[in-house]
Amino acid sequence: MSIRIPGFTLGIVGGGQLGRMMAVEARRLGIKTIVLDPSSNPPAAGIADETLQGSLYDPLSLGALARRCDVVTYEIEHINITALYELEAAGVHLEPRPRVLEIIQDKYRQKSFLLQSGLPVPGFAGVAAADVAAYVPAQYPVVQKLRTGGYDGRGVQVLLNAKSTRLQGESMFESCIDIDLELAVIVARGINHEAASQAKTAVYPVVEMVFDPRAQICSSVAAPARISDSQAKRAIEISVAAIEALDGYGIFAVELFLAKDGALLINEIAPRPHNSGHWTIESAVTNQFEQHVRAVCGLPLGSTELLRPSVMVNLLGAPGSNGVPNLKGLSAALALTGLKMHWYQKTSVQPLRKMGHFTVGSHSLEEALRIANQASDLLVVTGNEDVS
Ligand code: ADP
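The rules behind each value
Residues numbered from 1 in each chain as written. Predicted model: local features only at pLDDT ≥ 70, side-chain atom pairs only at ≥ 80, totals over all residues. Heavy atoms only, no water. Buried < 20%, exposed > 50% of the residue type's maximum accessible area, 1.4 Å probe, protein only. Helix = DSSP H or I, 4+ residues; strand = E, 2+ residues; numbered from the N terminus. Arc of directions from axis to C-beta. Contact = heavy atoms within 4.5 Å. Pairing = 2+ DSSP bridges. Axes fitted to C-alpha atoms, helices over the stretch in contact; angles between N-to-C directions. Parallel < 35°, antiparallel > 145°, perpendicular 65-115°, else oblique. Nonpolar A, V, L, I, M, F, W, Y, C, P; charged D, E, K, R; others polar. Near = heavy atom within 4 Å. Polar contact = N/O pair within 3.5 Å; in protein donor to acceptor, adjacent residues only side chain to side chain. Areas by Shrake-Rupley, 256 points an atom, 1.4 Å probe, with all protein chains shown as cover. Left-handed = near helix turned anticlockwise from the far one by under 90°. Phe/Tyr/Trp six-rings, centres within 6.5 Å; stacked < 30°, edge-to-face > 60°. Expected span 1.5 Å × (residues − 1).

Student: Just give me the short version of helix 3 (residues 81-89), but keep the residues and values in it.
Tutor: Of all the residues in helix 3, the buried ones are Ile-81, Ala-83, Leu-84 and Leu-87. When helix 3 is viewed along its axis, its buried side chains cluster within an angular range of 155 degrees and face the same direction. Along helix 3, the residues that are exposed and aim more than 90 degrees away from the buried face are Thr-82, Glu-86 and Ala-89. In this structure, the buried side of helix 3 is in contact with helix 2 (59-67), strand 4 (71-74) and helix 4 (98-105). Once helix 3 finishes, Gly-91 follows within two positions and takes phi at roughly 100 degrees, a positive value.

Written out as structure tokens, the structure reads:
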């Protein structure tokens, strides 16, 4: 595939913060972007060259986007797969391919695929919606996950005992892992290469994800992870093997559990740039969004080298926040050394909604963590209709 600059057009399904940051990088490379999003003014609007308003489940909207683009990619995996297969059959170039998305969309199917590929995963069982109430797990606690539609911890819950309220719907029950650390590995796979010497697969250093106990949502990421070299090597081996088994192109985030007994297990894979890779914008030679654009457009992959230890913190809506967002503490936070701010321009705030993030880079991870903690205390996102 040759790429004409200017003129080459990348379609992005979903115009949230990931679509926004992808559009920034595409624009820098001279690639035009058109975004499809259900809302009229998503975070990517104003950054992408054009925004189409339409449902990600509507074949006509997806078709309208695809017709105008050289390649179509995604910032989200919850899309109408049947419509994507039809577009693919009609000759539209979609990356990652619908087949990859279909495996990943369904947590049970994804885990089954990983298991069949010989990769380490927690024990799991698929349970039909009608059997959820009567299902007896081998032991408690057990983790119940809805097979489809969940994100940021929605659709996941730990059942402490037989009396715990269960989620309704097609489910997967998973052994509850005694987690020491949650890790992530961002893997890029490029479609083809202009120079044979370019690596086809590029991997970023392993990072540590910290979760907000209020809602199992990722609250911060430390790069690099504080693990041994052999653990990092193993995490990278497992992650690359998973993406090679999937045979997907683009950026993939592999989330792993490092269990207290030392086992490394894959939790799940995201077929797109991911929250655990936002630190790469300031602190890697090629950031994950540029890398994704390069990978899906058939350009050579860039260096994934870490420039300096960094901590990324999500700016989440405060408890009770509602209405038009208001960021407090920006001036004080920007006065801190090495802090870089990203505000997503969402039009409304809700408790725990991801409204922006900041990254602190420093000479050591300890120093980056110290400054990031200071900034976290300063920055608060509230709304003009807060409920107390
Ligand atoms: P989502 O797709 O919404 O991010 P995940 O499957 O990643 O959902 O689960 C969200 C969080 O729940 C994980 O990051 C982890 O903290 C916890 N969790 C998920 N599965 C398990 C498990 N098998 N054992 C223990 N904790 C888990």
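There's plenty left to go through after this.
Student: Outline the pairing of strand 4, supporting the account with residue identities and numerical values.
Tutor: With burial as the criterion, each face of strand 4 is covered, one bearing Val-71 and Thr-73 and the other bearing Val-72 and Tyr-74. Here strand 1 (residues 9-13) pairs with strand 4 via four bridges, running parallel. Each residue of the ladder has a partner; that of Leu-10, found in strand 4, is Val-71.

Student: A description of the sheet that holds strand 1 should follow, citing residues and the corresponding values.
Tutor: If you walk across this open sheet you meet the four strands as 3-2-1-4, and the pairing is parallel. This sheet does not close on itself; its edge strands, each paired only once, are strand 3 (50-53) and strand 4. Direction aside, the axes of adjacent strands within the sheet are offset by 25 degrees on average. Note: strand 2 (residues 32-37) against strand 3, four bridges, orientation parallel. Following the sheet pairing, Val-35 is matched in strand 3 by Thr-51. On the sheet, helix 8 (residues 288-296) packs against strand 1 and strand 4 and is oriented at approximately 140 degrees with respect to strand 4.

Student: Which residues make up the packing of helix 4 against helix 5 (residues 107-116), and what values go with them?
Tutor: The interhelical angle for the contact between helix 4 and helix 5, taken along N-to-C directions, is 105 degrees, at an axis separation of 5 Å. In terms of orientation, helix 4 and helix 5 fall into the roughly perpendicular class. Only Lys-107, Arg-109, Gln-110 and Phe-113 of helix 5 make contact with helix 4, whose side of the interface consists of Glu-102, Ile-103, Ile-104 and Gln-105. Among the residues making up the contact of helix 4 with helix 5, the classes are represented as three nonpolar, two polar and three charged.

Student: Any chance you could break down the site of the ligand for me, citing the residues and the numbers?
Tutor: The ligand sits among 19 residues. The nearest are Lys-107, Gly-153, Glu-174, Glu-182 and Glu-268. Ser-175 places a polar main-chain atom, nitrogen or oxygen, 2.9 Å from a nitrogen atom of the ligand. At 2.9 Å from a nitrogen atom of the ligand is found a main-chain nitrogen or oxygen belonging to Ile-177. Starting from 550 Å² of accessible surface for the ligand in isolation, the protein chains cover 92%. The set of elements that each furnish at least two residues to the shell around the ligand consists of strand 6 (142-146), strand 8 (171-175), strand 9 (179-189), strand 13 (250-259) and strand 14 (264-270). Broken down by class, the residue content of the shell around the ligand amounts to eight nonpolar, four polar and seven charged.

Student: Give a detailed account of the packing of helix 1 (residues 17-29) against helix 8, specifying residues and quantitative values.
Tutor: Each packed pair of helices is defined by two parameters, the angle between the axes and the distance between the axes. Their axes nearest at 8 Å, the elements helix 1 and helix 8 cross at an angle of 65 degrees. Between helix 1 and helix 8, the angle is such that the two are roughly perpendicular. The chirality of how helix 1 crosses helix 8 is right-handed. Only Phe-289, Glu-290, His-292 and Val-293 of helix 8 make contact with helix 1, whose side of the interface consists of Leu-18, Met-21, Met-22, Glu-25, Ala-26, Arg-28 and Leu-29. The class makeup of the residues in the contact of helix 1 with helix 8 is seven nonpolar, one polar and three charged.

Student: Break down the packing of aromatic side chains for me, citing the residues and quoting the values.
Tutor: Tallying each qualifying case throughout the model produces three aromatic pairs. Seen in terms of ring centroids, Tyr-108 and Phe-124 are 5.8 Å apart; in terms of plane orientation they differ by 70 degrees. Their pairing is edge-to-face. One end of the pair, Tyr-108, is in helix 5; the other, Phe-124, is in strand 5 (residues 124-127), and 16 residues separate them in sequence.

Student: Run through helix 10 (residues 365-378), naming residues and quoting values.
Tutor: The terminal C-alpha atoms of helix 10 lie 20 Å apart, and with 14 residues this matches the ideal 20 Å at 1.5 Å per residue to within 8%. Taken together, the buried positions of helix 10 are occupied by Leu-365, Ala-368, Ile-371, Ala-372 and Ala-375. The arc that holds every buried residue of helix 10, seen down its axis, measures 130 degrees, which confines them to one face. In helix 10, the exposed positions angled more than 90 degrees off the buried face are occupied by Glu-366 and Asp-377. Tucked into the core, helix 10 has its buried residues touching strand 12 (217-223), strand 15 (310-316), strand 17 (339-343) and strand 18 (354-361).

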